[in-house]
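# Residue-level structure breakdown
Here is what each chain is made of, one letter per residue.
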Protein chains: 2
Amino acid sequence: MIYLDNAATTFPKPKSVYDNVMKAMKEYGANPGRGSHAMAMKGAKIIYETRELLAELFNLEDPMNVIFTSNATDSLNIAIKGILKPGDHVITTTMEHNSVLRPIKELEKYGVENTIVLCKVDGSIDVVDIENAIKNNTKLIVTTHASNLTGTIFPIEKIGAICKKHNITYLLDAAQSAGVLDIDVQKNNIGILSVPGHKGLLGPQGTGALLINSDIVIDTIKQGGTGSESSSLYQPNFYPDKFEAGTHNLPGIAGLNAGIKYILNEGTKSIYSHEKELIDTFIKEIRNNKKISIYGPESLENRCGVVPINIFDMDSSEVAYILDSKYNIAIRSGLHCAPLAHKTIGTEKIGAVRFSVGPFNKKTEVIIAAKALNEISNM
Amino acid sequence: MIYLDNAATTFPKPKSVYDNVMKAMKEYGANPGRGSHAMAMKGAKIIYETRELLAELFNLEDPMNVIFTSNATDSLNIAIKGILKPGDHVITTTMEHNSVLRPIKELEKYGVENTIVLCKVDGSIDVVDIENAIKNNTKLIVTTHASNLTGTIFPIEKIGAICKKHNITYLLDAAQSAGVLDIDVQKNNIGILSVPGHKGLLGPQGTGALLINSDIVIDTIKQGGTGSESSSLYQPNFYPDKFEAGTHNLPGIAGLNAGIKYILNEGTKSIYSHEKELIDTFIKEIRNNKKISIYGPESLENRCGVVPINIFDMDSSEVAYILDSKYNIAIRSGLHCAPLAHKTIGTEKIGAVRFSVGPFNKKTEVIIAAKALNEISNM
């Protein structure tokens, strides 16, 4: 099987990820932070080390400001709901995933205003439009780093600079970029970084994180046992415990630990350059086929490892079905939980066929996929 | 190492649990429900099958009312926050875990009233006290099934009957009982059942579930991509998608799948009877030691596999340290995230040393642990 659905979740993971998950379950499968015996301590150590690895990768000063979550959606909800109060205003864009848009639309019911900045047909944003949308009550700007539909890379350093200038917190959704594109929360003025564990960071599903590089008050949406201040009926007010009620996903975090080590070892530059080469090859193979529409930015420099296409008059799900059943190629069709992004690029009615590469894809695989598309377009 | 900290998380898990986690990662590690290709479909199938298994184990009618969460704390927050609105009243007890108490105390800030019914020194509840606490605005009664501190089993069928009589929703926290004691949501009038995946159900950490046997409206505290109604900027209003935004913990759920199958195969009766025998043996070995205080119910019939003790004038953490370092026995000391429960049994100042057994503990292990305690008490 050729797996080109890495924007949904990366597959496969490095062998060390599988090994670490198994070790965490078999060798120290106790409850970390909930006991002082050797096994529980070993679990707690791995969790702390994973905080350090995330802090290192994204240049966050304090590893204790790394919050583990169950996925990026969880991270984004904690940040968006924790910061915005009735009367506040939030700016976001049409290229966002429903994990950003749905919490923001939910808050609208409680008097939190929003502006959703319209992006261009290639998925790119004009940062001037973001700055123009700022109002007196703007508290938060939330953008994606790279669109999950078109792969378009946003100029995060410019958006970060605008946030800094206006003293607004920047929440970056790095669902498609973490582990592939460089992110420096300090240099890029990112107040809060949301990452999934199971995509570019190569960890298992069930993991995510929030990196807090800001003094802004974030309320909790969840309370419970933290193994700290246990005599109190109130949630502790320090990080990370404030946001980490209940038992951690230890096997997941142990796997993520190995995933991040793999990335730190390979280097994001090498991973990104590999993915760019794959995308370049793929696009070159289908570019001259007039029946195929390719969406997203023209320049390879503005795109991460995601290419959505449509074959002239075919439904995207039909193309996906043929790719799966006839060619054994896994991709994702439909709306990709990003309805406004599809509207932005003009595909809200038909959806799109999304190809997304990962660090373990080979050039031959994208060539086979491109050839399959050319064949299907001639059926 | 002798592991007697199963109330924190069971260890080890059945071999099939480890195998299923690995299979989910290596063989069908795609994103379930986010693509229509073979791998994603296989993941979606395992998830649905696990809903069916949970529904079977707890006699819930519709598997689509099984909601996957990241742990029992997550489940409890979803239920408590989703149901209670300003002006409502909730009844709970002093034997609850902070995963129940902290969300309820948080809601107090927003005008949700609560009554925390005082339990007896053995951790038991007088159901009359619950019924007497009911007011006109009582919307929810939340109790544990078995205390994580004393192991005391609550008469859930009686509490369920009171809830039915007064048309109040019963939320049962089965953190210590799911997979060991029989629970029938229909027969016991349980409106909502909260379970962790990684304790008695023998799944991996990072898993939990909420089983909804009620028509009560539960609002979401989290929104995001669900792979359904993707063109909408609002969270779908049907189960389970309403509460399952973001990527599932597929390896975790696949492991839980195997854990539940193990339980259905062994039978809860056999597991409970094994644990009862271990507890019986353990208590008999230390009962005559005047320096050891044993907490919880006198009768074995009213206790699940948890026994907290203290050695006369020793700090509970010191006993834990000696057990770990000298005897290689893993238990949990301190307050167990249950401050009011400790107050109820009179140990809020000194904490307690909690022994908790699981299906894989052997009689020899609890005898060794008891002998260690007798030795320590004579140091």
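Given the structure is predicted, the values throughout are model-derived calculations rather than measurements.

The next point concerns the overall build of chain A. Looking only at helices and strands, chain A features 11 helices and 12 strands. Taking 21 Å as the expected radius of gyration for a compact globule of 379 residues, we find that chain A reaches 21 Å, a close match to that expectation. With the principal axes as the frame, chain A shows a C-alpha extent of 70 × 55 × 35 Å. Classification of the 379 residues of chain A by burial places 69% in the buried group. Across chain A, the fraction of contacts at a sequence separation of at least 24, relative to all contacts at a separation of at least 6, is 69%. About 13,300 Å² of surface is accessible on chain A, with carbon and sulfur atoms providing 50% of the total. With 39 positive and 41 negative side-chain charges, chain A shows a spacing of 2 Å between the two charge centroids.

Contacts between chain B and chain A engage 75 residues on the former and 75 residues on the latter. Surface buried jointly by chain B and chain A totals about 6,000 Å² across both partners, of which 58% is contributed by carbon and sulfur atoms. The interface formed by chain B and chain A contains two salt bridges. Linking chain B with chain A are 33 residue pairs in polar contact (both at pLDDT 80 or more). Elements that contribute at least two residues to the side of chain B that touches chain A include exactly α1 (15-26), α2 (38-58), α3 (72-83), α4 (98-108), α7 (250-266), α9 (316-325) and α10 (339-345) of chain B.

Residues and elements named next belong to chain A. Of all six residues making up strand β10 (residues 306-311), six are buried, and the element is well covered by its neighbours. By the alternation rule, side chains of β10 split into Val306, Pro308 and Asn310 and Val307, Ile309 and Ile311, which are all buried. Two elements, strand β9 (residues 292-294) and β10, share three bridges in a ladder whose sense is antiparallel. In the strand pairing of β10, Ile292 is matched with Ile311. As defined by bridge partners, β10 adjoins strand β12 (residues 353-356) across four bridges and the pair is classed as antiparallel.

Turning our eyes to something else, we now look at unusual backbone geometry. Following Phe11(A), the chain continues into Pro12(A) via a peptide bond in cis, with omega recorded as -10°. In this fold, Pro12(A) is placed in the loop between β1 (2-3) and α1 (15-26). Residue Pro240(A) is bonded to the preceding Tyr239(A) through a cis peptide linkage, with omega at -5°. With respect to the helices and strands, Pro240(A) occurs in the loop between β8 (208-212) and α7 (250-266). Even without glycine at this site, Asn167(A) takes up a positive phi of about 60°. The topology assignment puts Asn167(A) in the loop between α6 (156-166) and β6 (169-173). Its identity as a non-glycine residue notwithstanding, His336(B) has a phi of 55°, on the positive side. Along the chain, the position of His336(B) falls in the loop between β11 (329-330) and α10.

What follows covers the nonpolar core. The biggest cluster of nonpolar side chains holds 148 residues, and the ones touching the most others in it are Phe58(A), Leu193(A), Leu54(B), Phe58(B) and Leu193(B). Among residues more than four places away in sequence, those in contact with Leu193(A) are Phe58(A), Leu172(A), Ala174(A), Ile183(A), Val185(A), Ala209(A), Leu210(A) and Leu211(A).

This part takes up the packing of α1(A) against α7(A). Angle between the axes and distance between the axes are the two parameters that describe a pair of packed helices. All names here are of chain A. The geometry of α1 relative to α7 is characterised by a closest axis approach of 7 Å and an angle of 150° between their N-to-C directions. In terms of axis orientation, α1 runs roughly antiparallel to α7. Judged by the twist between their axes, the crossing of α1 over α7 is right-handed. Between α1, through Ser16, Val17, Asn20, Val21, Ala24 and Met25, and α7, the contact on the second element is made entirely by Leu250, Pro251, Ala254, Gly255, Asn257, Ala258 and Gly259. Split by residue class, the contact of α1 with α7 holds eight nonpolar, five polar and no charged.

Glancing now at the layout of surface pockets. Roughly 840 Å³ of internal volume is contained in the largest pocket. Around the largest pocket, the lining comprises 24 residues; the ones closest to its centre are Lys81(A), Tyr110(A), Ile221(A), Tyr110(B) and Ile221(B). Put simply, the parts of the chain that give the lining of the largest pocket at least two residues each are α4 (98-108) of chain A together with α4 of chain B. Roughly 490 Å³ of volume is contained in the second largest pocket.

Residues and elements named next belong to chain B. In total, this model carries 30 salt bridges over all chains according to the counting rule given. Asp88 serves as the salt-bridge partner of Lys139, at 3.2 Å between the closest nitrogen and oxygen. Taken as a pair, Lys139 in strand β5 (residues 138-144) and Asp88 in the loop between α3 and β3 (89-93) lie far apart in primary sequence, 51 residues in all. Assessed through its relative accessible area of 13%, Asp88 is described here as buried. Linking Glu113 and Lys135 is a salt bridge whose minimum nitrogen-to-oxygen distance equals 2.6 Å. Taken together, the residues span a long stretch of sequence, with Glu113 in strand β4 (residues 113-117) and Lys135 in the loop between α5 (127-133) and β5 at a distance of 22 residues.

Residue and element names in this part refer to chain A. Here the domain parsing of chain A yields domain 1 (2-10 + 267-376) and domain 2 (15-266). A C-alpha centroid distance of 27 Å is found between domain 1 and domain 2. Of the roughly 2,800 Å² buried between domain 1 and domain 2, counting both surfaces, carbon and sulfur atoms make up 60%. On the domain 1 side of the interface with domain 2, the three residues burying the most area are Thr268, Cys304 and Thr344, jointly 19% of the side's total. On inspection of domain 1 and its partner domain 2, the count reaches 17 residue pairs in polar contact (both at pLDDT 80 or more).

For the match of chain B to chain A, the screw axis carries a shift of 0.0 Å, the RMSD comes to 0.0 Å, and the turn is 180°. Such values leave the two copies arranged in the relation of a two-fold axis. When you check the interface residues of chain B against chain A, 100% turn up at the interface there too, and the contact is symmetric in its surfaces.

Definitions and cut-offs
For every chain, the first residue of the written sequence is number 1, and numbering continues from 1 along that sequence. Chains and ligands are labelled by the order in which they are written, letters from A for the one and numbers from 1 for the other. The predicted nature of this model means local features are confined to residues of pLDDT at least 70 and side-chain atom pairs, given and counted, to a pLDDT of 80 or more, with totals for whole chains, interfaces and linings taken over all residues. Computation of side-chain values: all heavy atoms of the structure, hydrogens and water removed. Runs of E in the DSSP output that reach at least two residues are strands. Runs of H or I that reach at least four are helices, and both are numbered from the N terminus. Two things to know: the radius of gyration comes from C-alpha atoms, and the globule rule equals 2.2 Å times the number of residues to the power 0.38. We call a residue buried when its accessible area falls under 20% of the maximum for its residue type, exposed when it is over 50%, and partly exposed in between, using a 1.4 Å probe and counting protein chains only. Only heavy atoms matter for contacts: two residues are in contact if any of them lie within 4.5 Å across the pair. Working definition of accessibility: Shrake-Rupley area with a 1.4 Å probe, residue cover restricted to the visible protein chains. Positive charges come from Lys and Arg alone, negative charges from Asp and Glu alone, with His and the N- and C-terminal ends not counted. Taken as the charge centre is NZ of Lys, CZ of Arg, CG of Asp or CD of Glu, depending on the residue. The term buried area denotes the loss of accessible surface (1.4 Å probe radius) that occurs when two parts are joined, taken as the sum for both partners. For this analysis, a salt bridge means a side-chain nitrogen from Lys or Arg found within 4 Å of a carboxyl oxygen belonging to Asp or Glu. Throughout this description, a polar contact denotes any pair of N or O atoms lying within 3.5 Å of each other; where both atoms belong to protein, one of them has to be capable of donating a hydrogen while the other can accept it, and for residues adjacent in sequence the pair is counted only when both atoms sit in side chains. DSSP calls a pair of strands paired once it identifies at least 2 bridges connecting them. The criterion is simple. A nonpolar core is a set of buried Ala, Val, Leu, Ile, Met, Phe, Trp, Tyr and Cys residues joined through side-chain atoms within 4.5 Å. Axis angles are defined between N-to-C directions and span 0 to 180 degrees, where every axis is a line fitted to C-alpha atoms and, for a helix, only to the segment in contact. Here is the rule for angles: anything less than 35 degrees is roughly parallel, anything more than 145 is roughly antiparallel, 65 through 115 is roughly perpendicular, and the remaining ranges are oblique. Take the far helix as your reference; a near helix turned counterclockwise from it by less than a right angle gives a left-handed crossing, and one turned clockwise gives a right-handed crossing. Three classes are used: nonpolar for Ala, Val, Leu, Ile, Met, Phe, Trp, Tyr, Cys and Pro, charged for Asp, Glu, Lys and Arg, and polar for all others, with Gly counted as polar. In this analysis the probe radius is 1.4 Å and the grid spacing 1 Å, with only protein atoms considered; a cavity is a set of points the probe fits into but cannot get out of, a pocket is an open set with protein on both sides within 12 Å along at least five of seven lines, and lining residues have an atom within 4 Å of a point. Grid points are joined across faces, edges and corners, and a volume is the space filled by probe spheres set on the points. The split into domains, and so the bounds of each, comes from an automatic or database assignment of domains. Here the copies were fitted onto each other by least squares, based on C-alpha atoms from residues at pLDDT of at least 70 in both.

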